[in-house]
Amino acid sequence: MASAPPNFGVNLDDPEDARRAATAVLILQWHFQIHRVPRTRQLVHTSAMTGQGWVEDLLGGKCIRMLNNMRMDVATFIQLCRIMREGGYIIEGPCDKVTVEESVAIGLYGLSHDLTQRVLGERFQHSTETIHRHVRRLCQALVQLAPIALRHRNTDTTHPRIRNNRRLYPWFKDCIGAIDGTHVSASVPRGEQDAFRNRKGTLSQNVLAACDHDMRFVYVRAGWEGSAHDSRVLLDALSNPDAAFPVPPAGKYYAVDAAYRHMPGFMAPFKSGPGGRSQTAQKGLFNRRHSSVRNIIERTFGVWKMRFKILDGPMKNYPIEAQRNIVVACCVLHNFIREMQPYDVYLTDEANMEGADTEGAQMQQFHVTPEAIHDWKELRNAMADHMYFHRNE
């Protein structure tokens, strides 16, 4: 007589055991069916115009097309790609399907027009992972170039912008640039949003920048929370050796607004207060001309944000370190374009994107003696008196 098949401890008369056994059979059937039918990879990006083909078409087309899409002309784009390749900032492997030119174009196109990775993927016919990798790679390469690109050219002589303006010369002959802060949209986790919420109620990072009179950035400090005051960011840049802040030479200074402390190396306007009519007129004249000197940083911010729409926000969901790199990378690109394209189309429509900050918390003293601060204030008073005396010349 034949023996009964083993039930492996399962009682089919029990409804619960029977249900589990049926579920196991269905899972096994699904497993065998999946592995029996070979899975084929379906192509998503099948456009005849590949990313490399589009870049080559731009390079061989009208110059205005390259300017509109990449914010630089053909010669500037080729020079940037050459620096990336020859400097080893972007390494093109033998098996890499994306050339240096296409990699640079992916980053430039995304930064200039604030496009999502899916839109960039459709334009360049690559996956979002590939797009993300090349945008990140370009930003990291530009951050490595920052110490070379963000620097003073000449601080020994008076800039023609000051020397050729009789409203500014000789009083501001020792001004080597201007400093101010601006806010760039930020994307942060919910638990960190309070620190990045600025006084307007939006999420941003506070960016400290210094520029020269040629509208080139000479320093940038990004990544601070939007709630941080401008003077606090500058104090950190001055007190932190790793920040590598370009301290002006003796006797030279940056023009700053009233949010910063007036001390050697930083020329701030007079604050409103009691005084006689003549004294008030002198201070008012000095403040108006000081504002004309300092607005170079506001104009630079305006061109910078018009050129790279990603800075206007809302910022995409990048890690905060990547967002900091984006800000620095855009500063490096701005300087590179200013160097290669002196007559840039964006300079014809300068806009004051950031108004002057209201007076805020004062900067703590930074290795400056009371005597030095007193002498610096006396210098400003003497400048105001001399300027008022010669106001009609």
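Residues numbered from 1 in each chain as written. Predicted model: local features only at pLDDT ≥ 70, side-chain atom pairs only at ≥ 80, totals over all residues. Heavy atoms only, no water.

Peer 1: Before we go on, may I ask you to explain the packing of helix 4 (residues 74-86) against helix 7 (residues 128-149) in this structure?
Peer 2: Any two packed helices are characterised by how steeply their axes cross, that is the angle between the axes, and by the distance between the axes. Interhelical geometry of helix 4 versus helix 7 gives an angle of 85 degrees and a closest axis separation of 11 Å. Relative to helix 7, helix 4 is oriented roughly perpendicular. Mapping the contact onto sequence places Leu80, Ile83 and Met84 in helix 4 and Leu138, Ala141, Leu142 and Leu145 in helix 7. Among the residues making up the contact of helix 4 with helix 7, the classes are represented as 7 nonpolar, no polar and no charged. (Axes fitted to C-alpha atoms, helices over the stretch in contact; angles between N-to-C directions. Helix = DSSP H or I, 4+ residues; strand = E, 2+ residues; numbered from the N terminus. Parallel < 35°, antiparallel > 145°, perpendicular 65-115°, else oblique. Contact = heavy atoms within 4.5 Å. Nonpolar A, V, L, I, M, F, W, Y, C, P; charged D, E, K, R; others polar.)

Peer 1: It is not clear to me how the nonpolar core should be interpreted in this structure. Could you clarify?
Peer 2: Among soluble globular proteins, nonpolar side chains are generally buried collectively. Residues Met84, Val104, Phe172 and Trp304 are the most contacted members of the largest nonpolar core, which totals 77 residues. In terms of residue count, helix 12 (residues 320-340) provides more of this core than any other element does, 10 residues in total. The residues touching tryptophan 304, leaving out its near neighbours within four places in the chain, are Thr182, Val184, Phe217, Leu311, Val327, Cys330, Cys331 and His334. Among the nonpolar cores identified, the runner-up in size contains 23 residues, and Trp224, Ala259, Tyr260 and Val368 belong to it. (Core = buried A, V, L, I, M, F, W, Y, C linked by side-chain atoms within 4.5 Å. Buried < 20%, exposed > 50% of the residue type's maximum accessible area, 1.4 Å probe, protein only.)

Peer 1: Hey, could you run me through the sheet that holds strand 5 (residues 266-267) in this one?
Peer 2: Sheets are built from strands paired through backbone hydrogen bonds, the pairs being either parallel or antiparallel. Taken together, 5 strands build an open sheet; the order of strands is 3-2-1-4-5 and the sheet is mixed. Here the strands that pair on one side only, and so sit at the sheet edges, are strand 3 (217-225) and strand 5. Bridge analysis of strand 4 (residues 253-255) against strand 5 gives 2 bridges, and the strand direction is parallel. Paired with alanine 255 across the two strands is methionine 267, which belongs to strand 5. (Pairing = 2+ DSSP bridges.)

Peer 1: Where do I start with unusual backbone geometry in this structure?
Peer 2: Negative phi values dominate among residues other than glycine, just as trans dominates among peptide bonds. Each neighbour pair has its own omega, and for tyrosine 169 with proline 170 the value is 10 degrees, a cis peptide bond. Along the chain, the position of proline 170 falls in the loop between helix 8 (160-163) and strand 1 (175-185). Residue proline 314 is reached from glycine 313 by a cis peptide bond, and omega for that bond is 0 degrees. Tracing the backbone shows proline 314 in the loop between helix 11 (277-307) and helix 12. With a phi close to 70 degrees, arginine 71 is a non-glycine residue in the positive phi region. Structurally, arginine 71 can be placed in the loop between helix 3 (63-70) and helix 4.

Peer 1: How do you make sense of empty space enclosed by the protein when you look at a structure like this?
Peer 2: One way to see where empty space is left: roll a probe the size of a water molecule over the atoms. A complete count under the given rule lists 1 cavity of 30 Å³ or more for this structure. Surrounding the largest cavity, Gly107, Gly110, Leu111, Leu115, Leu120, Val135, Ile310, Tyr318 and Ile326 form its lining. Counting residues per element, the lining of the largest cavity draws most heavily on helix 5 (residues 100-113), at 3 residues. For the lining of the largest cavity, the residue count by class is 7 nonpolar, 2 polar and no charged. (1 Å grid on protein atoms, 1.4 Å probe; cavity = no way out; pocket = protein on both sides within 12 Å on 5 of 7 lines; lining within 4 Å. Points joined across faces, edges and corners; volume = space filled by probe spheres on them.)

Peer 1: Please clarify how the pattern of salt bridges should be interpreted in this entry.
Peer 2: Pairing between side chains becomes possible if they bear opposite charge and their charged atoms approach one another. The final tally for this structure, using the stated rule, is 14 salt bridges. Each of the salt bridges in this network shares a partner with another, and the network as a whole consists of Arg153, Asp214, Arg216 and Glu339. (Salt bridge = Lys/Arg side-chain N within 4 Å of Asp/Glu carboxyl O.)

Peer 1: Would you mind going over the packing of aromatic side chains with me for this structure?
Peer 2: The description of an aromatic ring pair uses the distance of the two centres, along with the angle that the planes make with each other. Tallying each qualifying case throughout the model produces 13 aromatic pairs. Between tryptophan 54 and phenylalanine 124 the ring centres are 5.5 Å apart and the planes differ by 80 degrees, which places this aromatic pair in the edge-to-face class. Of this pair, tryptophan 54 sits in helix 2 (residues 51-60) while phenylalanine 124 sits in helix 6 (residues 117-124), and the two are 70 residues apart along the sequence. By relative accessible area, tryptophan 54 is classed as buried at 7%. (Phe/Tyr/Trp six-rings, centres within 6.5 Å; stacked < 30°, edge-to-face > 60°.)

Peer 1: Could you clarify how one ought to interpret the packing of helix 5 against helix 6 in this entry?
Peer 2: It is at 11 Å that the axes of helix 5 and helix 6 come closest, and there the two elements cross at 140 degrees. Relative to helix 6, helix 5 is oriented oblique. Read as a crossing pair, helix 5 and helix 6 show a hand that is right-handed. Between helix 5, through Glu102, Ala105, Ile106, Tyr109 and Gly110, and helix 6, the contact on the second element is made entirely by Leu120, Arg123 and Phe124. Tallied by class, residues from the contact of helix 5 with helix 6 come to 5 nonpolar, 1 polar and 2 charged. (Left-handed = near helix turned anticlockwise from the far one by under 90°.)

Peer 1: Would you explain the pairing of strand 1 in this entry?
Peer 2: Note on strand geometry: in a regular strand, side chains alternate between the two faces of the sheet. With 10 of 11 residues buried, strand 1 lies mostly within the body of the structure. Sheet topology note: the strand 1/strand 4 ladder contains 3 bridges and is parallel. Note on strand 4: the bridge partner recorded for cysteine 175 is tyrosine 253. In this structure, strand 1 lies alongside strand 2 (residues 204-211), joined through 8 bridges in antiparallel fashion. Across the sheet, the residue bridging to threonine 182 is valine 207, located in strand 2.

Structural measurements only, silent on function.
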